[in-house]
Amino acid sequence: MLSLAILEHFRGRGVRPPEEKRITAGKPSRRLPAPDKVYLSLLQHAGTPCTPTVRKGDRVIRGQVVGEPSGLGAPVHSPICGRVVAVEPYPHPSGQLVPTVIIENDGGDSFLPLDRSYLGDTSMPEAMDPAGIRRLALEAGLVGLGGGLFPTHIKLTPRSDPRPDLLILNGCECEPYLTCDHRLMVEEPHLVLWGARAMRRALGVNNVVIAIEDNKPDAIELISHMIRELPGFSLRVLPSRYPQGAERTLTRTLTGRQVPSCGLPADVGVVVHNVGTAAALGRALLHSEPLLERIVTVAGDAVREPGNFWVAIGTPIGEVLRQAGLKEAPVRKVIMGGPMMGLATSSLELPILKGCSGLLAFTAEQETLAESLPCVRCGRCLEVCPQGLAPVRLTQLVAAGMVTEAATNGLLDCVECGACAYICPSRRPLVQYLRQGKAELRRRQAQQPAGQPTKQPVCRDQVSA
Ligand code: SF4
Ligand code: SF4
């Protein structure tokens, strides 16, 4: 049981938007057929784009690496057999053009499995070589599938100070509409737990806490039953509240440990991984399969058959929406991810990336265009911020160009959850201002001459699980 004192950390903060999960949460997931073409972006992780390992005209098979990281990153694999028709800049959800390998499907069924020979004894995760698990996570192209996109092999490398003592498996899935983690826990719990055991082994920790919100009773029942025989594993059921699953919030809620400003849970001995990442590691360990596909929640009033779908990485989002029965009514807005933190796009040509947990399509009727009004100083944005920030003050500073002052007031601790913008009665575009302020800070940091001490606060990227 969680103590009331610990729950108090998040009580009253965050928001409770309509969940909109019921339609997809109870439906078994479906696997979509492989598309005619895949668009494999070489930037699907936190870091720099991969270097292509194939050229136009090459034939590739399923599981073959088409891009290798040249710095921080993870390799990209082809989810189909076919011919490379182009390696060229292509639109990316970030709005930039990013090098992309485009492959035309030839219907072949050859598969190149991962090499697992370096894992040692594979009979159980607890017997595997920890360095081998990290190597497999890298070679499988794993990144944080909850949207964090940080390369998994790095998050599985334990620090020496402080040594990690707890692994949190994040199954909260607090964003409205999204149910892909929920379905994964219900349909493939053995993969989730196999991966979690390997993560624990790689990190050298004993204890694993699986956190699930109370709106997923079937997953709670199944996982609690399955971990009874797993020493060191426990389950924490948390009240549904957004952004319960943000890793800093989750760390504080479950342990009472406060992640320092601009820090990571690893700074307080905690490592947080998403259940989807654990399942992908489980699949690589048990089936030698790199990250070739992912489960995506497709919903919104513009689709006839909302549900969860297994989709090949690189499939154009328009193709996924059509398979889910895109209505003929004009689509007003498509969001990649959830409605709170996802990215809105007008292009149906963008590909599914490793971190894409949802595709939400809305018609003109459902989308309401509300005009932004002046701030009425109601203070609601301060009340809900899970980081204890003053969003209205931060946005005023950013608007005035005073980003260094905004950083001093905690700008870099903002996790961009959108709770402040959601609650704002004046519909102020608070998150846009906050992102703009961070971008300006990064720009100023980049302009500092090499070797000169920076005058701007430096912060590591926020990493969600
Ligand atoms: S200021 Fe940042 S962390 Fe706080 S509610 Fe707004 S978006 Fe979330
Ligand atoms: S919630 Fe909106 S109106 Fe209220 S103080 Fe914050 S920015 Fe101003």
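Being a predicted model, the structure only gives us computed values, none of them experimental.

Tell me what's going on with the overall build of the chain, and back it up with residues and numbers.
On a plain count of helices and strands, the chain comes out with 15 helices and 17 strands. Computed over the C-alpha atoms, the radius of gyration of the chain is 22 Å, within 12% of the 23 Å expected from 2.2 N^0.38 for a compact globule of 465 residues. Expressed as a percentage of its 465 residues, the buried residues of the chain come to 54%. By element, 52% of the accessible surface of the chain is carried by carbon and sulfur atoms, the whole surface being about 19,800 Å². Counting 51 positive and 45 negative side-chain charges, the chain places the centres of these two groups 4 Å from one another.

Give me the site of ligand 1: which residues, what numbers.
Residues in close proximity to ligand 1 include Cys 385, Pro 386, Gln 387, Pro 391, Cys 414, Val 415, Glu 416, Cys 417, Gly 418, Cys 420 and Leu 434, which together make up its full environment. Per-class residue counts for the shell around ligand 1 are 8 nonpolar, 2 polar and 1 charged.

Describe in detail unusual backbone geometry, supporting the description with residues and values.
When glycine is set aside, most residues are seen to have a negative phi, and most peptide bonds are trans. The omega angle of the peptide bond from Asp 161 to Pro 162 is -5°, so this bond is cis rather than trans. The residue Pro 162 is located in the loop between α4 (152-155) and β9 (166-171) in this model. For the bond running from Tyr 242 to Pro 243, omega is 0°, close enough to zero to count as cis. Look at Leu 149: it is not a glycine, yet its phi comes out positive at around 65°. Along the polypeptide, Leu 149 turns up in the loop between α3 (130-139) and α4. Here Leu 149 falls in the partly exposed class, since its relative accessible area comes to 23%. Even without being glycine, Tyr 177 reaches a positive phi, approximately 70°.

Give a description of the site of ligand 2 that names residues and reports values.
Taken together, Cys 375, Val 376, Arg 377, Cys 378, Gly 379, Cys 381, Val 392, Cys 424, Pro 425, Ser 426 and Arg 428 make up all the residues around ligand 2. The residue inventory of the shell around ligand 2, partitioned by class, reads 7 nonpolar, 2 polar and 2 charged.

Summarise the sheet that holds strand β10 (residues 207-213); cite the residues concerned and give the values.
Spatial ordering of the open sheet is given by β11-β10-β9-β12, a layout of 4 strands whose pairing is parallel. The open sheet has two edge strands, β11 (233-238) and β12 (270-274), and neither has a second partner. Going across the sheet, the axis of each strand differs from the next one's by a mean of 25°, ignoring polarity. Note that β9 and β10 share 6 bridges and pair parallel.

Can you lay out the packing of aromatic side chains for me, pointing to particular residues and giving the numbers?
In total, this model carries 2 aromatic pairs according to the counting rule given. Ring centres of Tyr 39 and Tyr 90 lie 4.7 Å apart, and the angle between their planes is 25°; this geometry places the pair in the stacked category. Within this pair, whereas Tyr 39 is found in strand β2 (residues 37-41), its partner Tyr 90 is found in strand β7 (residues 82-91), the two being separated by 51 residues in sequence. Its guanidinium or amino end placed over the ring of Phe 111, Arg 62 lies 4.9 Å from that ring's centre, counting from NZ or CZ.

Account for the pattern of salt bridges, with residues named and values stated.
Under the defined criterion, the tally for this structure stands at 18 salt bridges. A salt bridge links Glu 289 to Arg 62, with the nearest nitrogen and oxygen atoms 3.9 Å apart. With Glu 289 in the loop between α9 (275-287) and β13 (293-299) and Arg 62 in the loop between β4 (59-60) and β5 (65-68), this residue pair connects regions lying 227 residues apart in the sequence. Two residues, Lys 155 and Glu 247, come together in a salt bridge whose shortest N-O distance is 3.4 Å.

Tell me about the domain arrangement of the chain, residues and numbers included.
Its domain assignment divides the chain into domain 1 (30-113 + 290-363), domain 2 (115-287) and domain 3 (380-446). Between the C-alpha centres of domain 2 and domain 3 the distance comes to 29 Å. Roughly 640 Å² is buried in total at the junction of domain 2 and domain 3, and carbon and sulfur atoms are behind 51% of that figure. Here domain 2 and domain 3 share 1 salt bridge between them.

Pulling in residues and values, what's your account of the pairing of strand β14 (residues 307-312)?
Within β14, 6 of the 6 residues are buried, which leaves it mostly tucked inside the rest of the structure. Because side chains alternate across β14, one face comprises the buried residues Gly 307, Phe 309 and Val 311, and the other comprises Asn 308, Trp 310 and Ala 312, equally buried.

Quick rundown of α9? Include the residues and the values.
For α9, which comprises 13 residues, the first-to-last C-alpha distance of 18 Å matches the rise-based estimate of 18 Å (1.5 Å per residue) to within 8%. Counted residue by residue, α9 has 11 buried out of 13 residues, so it is predominantly covered. Residues of α9 that are buried include every one of Val 275, Gly 276, Thr 277, Ala 278, Ala 279, Ala 280, Leu 281, Gly 282, Arg 283, Ala 284 and Leu 285, and no others. Backbone nitrogen of Gly 276 and a side-chain oxygen of the N-cap are separated by 2.6 Å at the start of α9; the cap is Asn 274. Just downstream of α9, Ser 288 is the residue with a positive phi angle, here 60°.

Break down the environment of Pro 189 for me, with residues and values.
Structurally, Pro 189 is set in helix α6 (residues 189-203). Taking the C-alpha atoms as reference points, Pro 189 and Gly 282, 93 residues apart in sequence, are found 9.9 Å from one another.

What counts as what
Residues numbered from 1 in each chain as written. Chains lettered and ligands numbered in written order. Predicted model: local features only at pLDDT ≥ 70, side-chain atom pairs only at ≥ 80, totals over all residues. Heavy atoms only, no water. Helix = DSSP H or I, 4+ residues; strand = E, 2+ residues; numbered from the N terminus. Rg over C-alpha atoms; globule rule 2.2 N^0.38 Å. Buried < 20%, exposed > 50% of the residue type's maximum accessible area, 1.4 Å probe, protein only. Areas by Shrake-Rupley, 256 points an atom, 1.4 Å probe, with all protein chains shown as cover. Lys, Arg positive; Asp, Glu negative; His and termini not counted. Charge placed at Lys NZ, Arg CZ, Asp CG, Glu CD. Near = heavy atom within 4 Å. Nonpolar A, V, L, I, M, F, W, Y, C, P; charged D, E, K, R; others polar. Pairing = 2+ DSSP bridges. Axes fitted to C-alpha atoms, helices over the stretch in contact; angles between N-to-C directions. Phe/Tyr/Trp six-rings, centres within 6.5 Å; stacked < 30°, edge-to-face > 60°. Lys NZ or Arg CZ within 6 Å of the ring centre and 35° of its normal. Salt bridge = Lys/Arg side-chain N within 4 Å of Asp/Glu carboxyl O. Domains from an automatic or database assignment. Buried area = accessible area lost by both parts, 1.4 Å probe. Expected span 1.5 Å × (residues − 1). Polar contact = N/O pair within 3.5 Å; in protein donor to acceptor, adjacent residues only side chain to side chain.

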